[in-house]
There are 2 protein chains.
Amino acid sequence: MLKIAIVGYGNLGKGTECAIANSPDMELYGVFTRRAPESLKTLTDCPVYSMDSIMDHKGKIDALIICGGSATDLPVQTPMLARHFNVVDSFDTHAKIPEHFAKVNEAATAGEKCAIISVGWDPGMFSLNRMYAEAILPNGKDYTFWGKGVSQGHSDAIRRVAGVADARQYTIPVESALEAVRSGSCPELTTREKHLRECFVVAEEGADLARIENEIKTMPNYFADYDTTVHFITKEELMRDHAGIPHGGFVIRTGKTGLKGENSHVIEYSLKLDSNPEFTSAVLVAYARAAARLNGKGDNGAKTVLDIAPALLSPCTGEDLRKRLV
Amino acid sequence: MLKIAIVGYGNLGKGTECAIANSPDMELYGVFTRRAPESLKTLTDCPVYSMDSIMDHKGKIDALIICGGSATDLPVQTPMLARHFNVVDSFDTHAKIPEHFAKVNEAATAGEKCAIISVGWDPGMFSLNRMYAEAILPNGKDYTFWGKGVSQGHSDAIRRVAGVADARQYTIPVESALEAVRSGSCPELTTREKHLRECFVVAEEGADLARIENEIKTMPNYFADYDTTVHFITKEELMRDHAGIPHGGFVIRTGKTGLKGENSHVIEYSLKLDSNPEFTSAVLVAYARAAARLNGKGDNGAKTVLDIAPALLSPCTGEDLRKRLV
């Protein structure tokens, strides 16, 4: 049994706890938290330890799954922990992945541990699909669409507008853009042509709705470059109809083969997820298995999903996988 | 530059020739054929050698792509050649993959070469997607659908019916079955419920069309278990409308996460291919790159796509891939 521990107990940590419970070859060693351990009630009543004590557990854990945020937690935690433990994180600030990789690689190499960064669905499964598709169809172009799903960052941005009590924002791919991509025409698409933004907003009593709507729609970076719709709803409607955290998206590559590019092909990968954090956790847990195994064979340093042989993710033997799935 | 050679020069060999021409890090060493070399005119005027002379080229080729058929060629050629060369094949008789793997593994291990078998799209990319999806969503079920596409085996079976001059058979997934699977209801589907078979038949002059149609529709294994439609067309129509070799299909897994399976997820991978052999060749060429690289690092024995880290398929550096695609 692989002993897996969780660092951080938000939505991602809870999802990871569930995914470990569904893994026959793993046991949950415990949760590490910066909160007072006795204040934390976990879903499975697993052991809870203070983050300050984590070094006391060195050598007893096969892999840590670090469930912090990419803005401030992971840039510090992953390099620190990768020196002492095999780790997996879901670092998702795409532009900073090379920098994060370099820091984690230095630490993991020095500590002779295996660290797999940027695991989840994007980055993660979508990265894999962009890579496989490009390697097979070098003469082509790939497109990534997100949604329909809840963007936490955009929901938070709306909540910061004066007069807004609560909000939920959905990112929605434009159907006609998806169809244009699938046709193989390799369209050049602007930000506005690829995604719509739909906002459900609970206003404070007496707030100026027209001003709120205008502030949202013209907000730079978040909404100004998109076709955005704003619906004002009650707190009850928000709780009833928008409580979930669904997400998903599409990676599509079209490309040509033949001596003169005479044949076209479409590779499409899509996800439709009821729970963004639970799916991300499920991917993290599979890669924690790979990290523990790779390190067990003497491999170390930082890796991404691109570096991991698929069979390492499964608890099944190579023989079984070849028989059932190849 | 990697030196890649092709064994066998049918549709797959020609597709491989094109895919190598599209690979900036590869050069085509030549084609090996059982035919008289001087009788073969290749698309790129590359060197052509007799299959009998292949051992004279040992040590000069980074990987061989074996483009023979699974029925009689590959079970003999791949084990024979894997003892002396890094090889890639597209062995696609699913039930015999474990046996083929064992034979190739023995030869490749003895010869300290790397052999990747069953490369293409199914087996191949579809195998990968079945495996990734199962590892992420262990609590779920996967479905594979093929088509719309031309089945060579079924087209050949129709041609063997008395009175048939030529024929083309399309395998078509049933749209309502795809929708039922995507809904997450995990339906149990019979053979008939998953795929339709559509046949375009050129009859010989004066042939009994009703008898031909009946013989096709009741043919055991090939058609009897399916809803089959038969269209009689002219030779000209067959040449004009059915000359291509398109194919494709879908791998869909639905699964649940959460402590009580409260959230559902759908992972879908699909291919829409203008040319089945050219796409298969494109996959073979990417895995030939991996075979050569793995062996260069001292790895040997038989592998499948499940054993190959994705980054090995790309001519780009890890640094570049992380920056652009993760």
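Only a predicted model underlies this, so the values are computations on that prediction, with no experimental measurement involved. (Residues numbered from 1 in each chain as written. Chains lettered and ligands numbered in written order. Predicted model: local features only at pLDDT ≥ 70, side-chain atom pairs only at ≥ 80, totals over all residues. Heavy atoms only, no water.)

1. Examining the sheet that holds strand β7 (residues 140-146) of chain B
Now for step 1: A sheet is described by the order of its strands in space; here 6 strands give the open sequence β7(A)-β12(A)-β13(A)-β13(B)-β12(B)-β7(B), paired in antiparallel fashion. With one partner strand each, in any of the chains shown, β7 (140-146) of chain A together with β7 of chain B form the two edges of the open sheet. Sheet twist, expressed as the mean angle between neighbouring strand axes with direction ignored, is 10°.
Now for step 2: Pairing geometry for strand β12 (residues 247-257) of chain A and strand β13 (residues 263-273) of chain A, over 11 bridges, is antiparallel. Considered in β13(A), the bridge of Thr257(A) is made with Asn263(A).
Now for step 3: Contacting β7, β12 and β13 of chain A, helix α6 (residues 175-182) of chain A runs over the sheet at an angle of about 25° to β12(A). (Pairing = 2+ DSSP bridges. Helix = DSSP H or I, 4+ residues; strand = E, 2+ residues; numbered from the N terminus. Axes fitted to C-alpha atoms, helices over the stretch in contact; angles between N-to-C directions. Contact = heavy atoms within 4.5 Å.)

2. Points about the pairing of strand β1 (residues 2-7) of chain A
All names here are of chain A.
Now for step 1: When you tally the buried positions in β1, you get 5 out of 6 residues, the bulk of the element.
Now for step 2: Two strands pair when backbone bridges link them, and β1 and strand β2 (residues 26-33) are joined in this way by 6 bridges, in the parallel orientation. Within β2, the position partnered with valine 7 by the bridge is phenylalanine 32.
Now for step 3: For the crossover from β1 across helix α1 (residues 11-21) to β2, the handedness is right-handed.
Now for step 4: When β1 meets strand β4 (residues 63-66), the two strands line up parallel, connected through 4 bridges. Residue isoleucine 4 lies in a different strand from β4, and its bridge partner there is alanine 63. (Buried < 20%, exposed > 50% of the residue type's maximum accessible area, 1.4 Å probe, protein only. Right-handed = clockwise from strand over helix to strand, strands pointing away.)

3. Examining the sheet that holds strand β3 (residues 48-50) of chain A
All names here are of chain A.
Now for step 1: One open sheet holds the 7 strands; their spatial order is β3-β2-β1-β4-β5-β6-β14, and the pairing between them is parallel. For this open sheet the edge positions go to β3 and β14 (301-303), each flanked by a neighbour on one side alone. Shown here is a sheet whose adjacent strand axes are inclined to one another by a mean of 25°, direction ignored.

4. Looking at the interface of chain B and chain A
Now for step 1: In this assembly, 64 residues from chain B lie in contact with 64 residues from chain A.
Now for step 2: Here chain B meets chain A over a buried area of about 5,500 Å², counting both sides, of which 64% is carbon and sulfur.
Now for step 3: Inspection of the chain B/chain A interface yields 2 salt bridges.
Now for step 4: Among the ionic pairs, Glu134(B) bridges to Arg324(A), the shortest N-O distance being 2.8 Å.
Now for step 5: Run the count over chain B and chain A and you get 27 residue pairs in polar contact (both at pLDDT 80 or more).
Now for step 6: Those elements that place two or more of their residues in the side of chain B that touches chain A are α1 (11-21), α3 (97-111), α4 (125-136), β13 (263-273), α10 (276-296) and α11 (318-324) of chain B.
Now for step 7: Top element by residues in the side of chain B that touches chain A is β13(B). It accounts for 11 residues.
Now for step 8: Taken together, the residues of the side of chain B that touches chain A sort by class into 37 nonpolar, 15 polar and 12 charged.
Now for step 9: Looking at chain direction, β13(A) and β13(B) are connected through 9 bridges and run antiparallel. (Buried area = accessible area lost by both parts, 1.4 Å probe. Salt bridge = Lys/Arg side-chain N within 4 Å of Asp/Glu carboxyl O. Polar contact = N/O pair within 3.5 Å; in protein donor to acceptor, adjacent residues only side chain to side chain. Nonpolar A, V, L, I, M, F, W, Y, C, P; charged D, E, K, R; others polar.)

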